Amino acid sequence: MMVSLLLSCSRNNDTEEIEDRIAQLERQGQELKKQGDQLAKEGDQLQSDIDNAENQIDQLTDQLDVTKLLSFEILSCDNPMQVIEDTRAEILEDNNVECRVLNIMSSKTLIPRFQFIGQSLTIDGKNVESGVTAVDFSKPVTLTVKGDQKSVSYTVYVHSYTGLPLLWIETVGRVDIIKTNWYYNAGLKLVEGVRTRAAGDVIETDVRIKGLPPLDYYISKVHTSGQMAKNDYVLNFNDRVSLLGEAADTDWELSANRDDKTLIRTQTGLFMGTISQLNFTPKFHFVDLMLNGRYYGNYRLGERLEVSSSRINIGFDGYLLKIDESTTGIYMNYNTLEQPVSIMAPSLMTGDTQYVYIRQFMNAAEEALFSVAFTTENMGWQKYMDIDSFVDWYLINEIAKNYDAVFQHNCYMYKKNGEKLKMGPLWDFRNGFGNGDDSSTSGFVVKNAKWFDRLFQDPAFVAKVKERFTYFYSHKNDILNEIDENAKYLKYSAQENNNKWGLYDSYGPAEKGMLYFQKEVDNMKAWIESRMDWLKQEFSKM
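Residues numbered from 1 in each chain as written. Predicted model: local features only at pLDDT ≥ 70, side-chain atom pairs only at ≥ 80, totals over all residues. Heavy atoms only, no water.

Novice: How do you make sense of a nonpolar patch on the surface when you look at a structure like this?
Specialist: A cluster of nonpolar side chains, contributed by Val66, Leu70 and Ile117, occupies part of the molecular surface with about 200 Å² of accessible area. Positionally, Leu70 belongs in strand 1 (residues 68-74). (Patch = residues over 30% accessible without salt bridge, like charges linked within 9 Å, V, L, I, M, F, W, Y side chains within 5 Å. Areas by Shrake-Rupley, 256 points an atom, 1.4 Å probe, with all protein chains shown as cover. Salt bridge = Lys/Arg side-chain N within 4 Å of Asp/Glu carboxyl O. Helix = DSSP H or I, 4+ residues; strand = E, 2+ residues; numbered from the N terminus.)

Quick look at the structure:
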């Protein structure tokens, strides 16, 4: 019995130990499960962190895959026979690269140096090596930087110094000039080199610049972003300044010449004004314009038409009138003038004493011109109108066959106190000298204007026309020589202007722009000779 009890106690103790051990193992299992769950959770977080890290790595890889042109330059050591001074290009925000070599080059096949971020660089699809490969820059080229994932293209313009003064204008913040009724603050630098016709000065000052209507944008053939077109501008200075040797004043004009393939039609008309009996012919000089770091081509910089002691000197009580389809300020309409007459100066209000006077004077002049007694000096048109200025203004515009001069656009008259009405100043000849729809050398144009048609009915006017035409005909060679001198002076500028604007694209390769320019000039000279011969024959019949 005792033995039996002992065995029973021993079994009870073993069972308890086993149960305790089982319970302990269960607790350990639960703890391990918790740890496993925690590890699984941490594993999931770690995987998420790995995924995020991989995404960040991909993003950083994309960012590190920068494809960018860092610099572009043309060095004299690489191009010893063509470049005399190292030139570093400006890389603009719109991926245009403007490089201006400061000397005239006979060829634009040049070796460039460049730095970039990317895998490779090509120009017009061909691999190039910096400082080694020669490239033809006679027209804009496309430079492409390629990376692992993407590529970036730039349009490279290489301009050469043309022998003209360089005009640099930088608007504040390089904003585009998009308004015609607003002046933009800018910095100006005018560089007159020793090869130019100017004195070699450098003018650097602040300026305000305003666009003249219409202001246009253009899309380049080689770059699709919109840019300002070749527009006309007004420059206004705080103080009177002298530009290119002309009398100091505050207001100047930048004329774009964009409709004239010779670039010299208006300049030729103004030259004829300098050898005439006309007063106040404005003086212009050719320049190359750099606007906000971009080359804009050949321009004329000169005097605006305004009343001042150095421009149209008619005094504070004189009148400057403009006949144009677009009116300015106070204007007057006449049945015998093709377009309205705007009073450009002085500044008047309708009903002012000065307004009443000029209105009555013009009415009287018109009435006298179309009266029965219009040929008499004391009662006819010569009582009000100056014959010498009317004859010379007529002849210059008729020789040019200037369709604007049929009292349509930019026709000016002025009157000093106590003097007769005079024609002038001359201004615009872009639609003359064979330019436009009618390029024939025959036919009267300005004579068909109502006032001039009436004037030709007066023998005194006809006699003066014949006399003064003989004078201009005798100076025909002077006119042609002036054209030759300007063409010689402009030939490199004409080439660069063509590279930018493609004036002669329809003729053939851009690199032959100088040949096409000279062809246009020669055609204009031949046109003038034929035109003057036709007029000589017609006037001899009168």
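Read on for the rest.
Novice: Sorry if this is basic, but what is going on with the pattern of salt bridges here?
Specialist: If the charged atoms of two oppositely charged side chains come close together, the side chains can form a pair. Applying the stated criterion across every chain yields a total of 25 salt bridges. We note a salt bridge from Arg113 to Asp78, for which the minimum N-O separation is 2.6 Å. Taken together, the residues span a long stretch of sequence, with Arg113 in strand 6 (residues 112-117) and Asp78 in the loop between strand 1 and strand 2 (87-88) at a distance of 35 residues. Overall, the relative accessible area of 32% leaves Arg113 in the partly exposed class. (Buried < 20%, exposed > 50% of the residue type's maximum accessible area, 1.4 Å probe, protein only.)

Novice: Mind showing me how you'd approach the layout of surface pockets here?
Specialist: Taking a probe equal in size to a water molecule and rolling it over the atoms shows the remaining empty space. Quantified by volume, the largest pocket comes out at close to 1,100 Å³. Broken down by secondary-structure element, the contributors of at least two residues to the lining of the largest pocket are strand 17 (233-241), strand 18 (249-255), strand 21 (319-323) and strand 23 (341-345). It is strand 18 that provides the largest number of residues to the lining of the largest pocket, a total of 3 residues. Residue composition of the lining of the largest pocket, by class: 13 nonpolar, 10 polar and 16 charged. (1 Å grid on protein atoms, 1.4 Å probe; cavity = no way out; pocket = protein on both sides within 12 Å on 5 of 7 lines; lining within 4 Å. Points joined across faces, edges and corners; volume = space filled by probe spheres on them. Nonpolar A, V, L, I, M, F, W, Y, C, P; charged D, E, K, R; others polar.)

Novice: Even after reading the chapter, I still don't get the sheet that holds strand 23, so can you show me in this structure?
Specialist: The strands making up a sheet associate through backbone hydrogen bonding, with each pair oriented either parallel or antiparallel. Spatial ordering of the open sheet is given by 22-23-21-24-25, a layout of 5 strands whose pairing is antiparallel. In this open sheet, the two edge strands, each paired with only one partner strand, are strand 22 (331-332) and strand 25 (421-423). In terms of strand pairing, strand 24 (residues 411-415) meets strand 25 through 3 bridges, oriented antiparallel. Paired with Lys415 across the bridge in strand 25 is Leu421. Sitting on the sheet, helix 3 (residues 353-369) touches strand 21, strand 22, strand 23, strand 24 and strand 25, and the angle it makes with strand 21 is about 55°. Across the sheet, helix 4 (residues 387-399) lies against strand 24 and strand 25, angled at about 20° from strand 25, the strand it touches most. (Pairing = 2+ DSSP bridges. Contact = heavy atoms within 4.5 Å. Axes fitted to C-alpha atoms, helices over the stretch in contact; angles between N-to-C directions.)

Novice: What is the right way to read the nonpolar core from this model?
Specialist: Nonpolar side chains tend toward joint burial in soluble globular proteins. In terms of nonpolar packing, the biggest core is built from 88 residues, with Phe390, Trp393, Phe407, Met413, Trp451, Phe452 and Phe461 touching the most fellow members. With 10 residues, helix 8 (residues 513-540) is the single largest residue contributor to this core. Those residues in contact with Phe390 that lie beyond four places of it in its chain are Met385, Met413, Leu421, Lys422, Met423, Trp451, Phe452, Leu455 and Phe461. Of all hydrophobic cores here, the second largest spans 26 residues; its members include Ala186, Phe237, Trp252 and Leu291. (Core = buried A, V, L, I, M, F, W, Y, C linked by side-chain atoms within 4.5 Å.)

Novice: Would you take a moment to explain the confidence of the model for the chain for this structure?
Specialist: The predicted structure's coordinates, where accompanied by low pLDDT, should not be read in detail. Overall, the predicted model of the chain reaches an average pLDDT of 90, with 93% of residues at or above 70. Segment residues 1-7: pLDDT under 50, and 0 contacts once partners within four positions in sequence are set aside and those in other chains are kept. (pLDDT = per-residue confidence, 0-100.)

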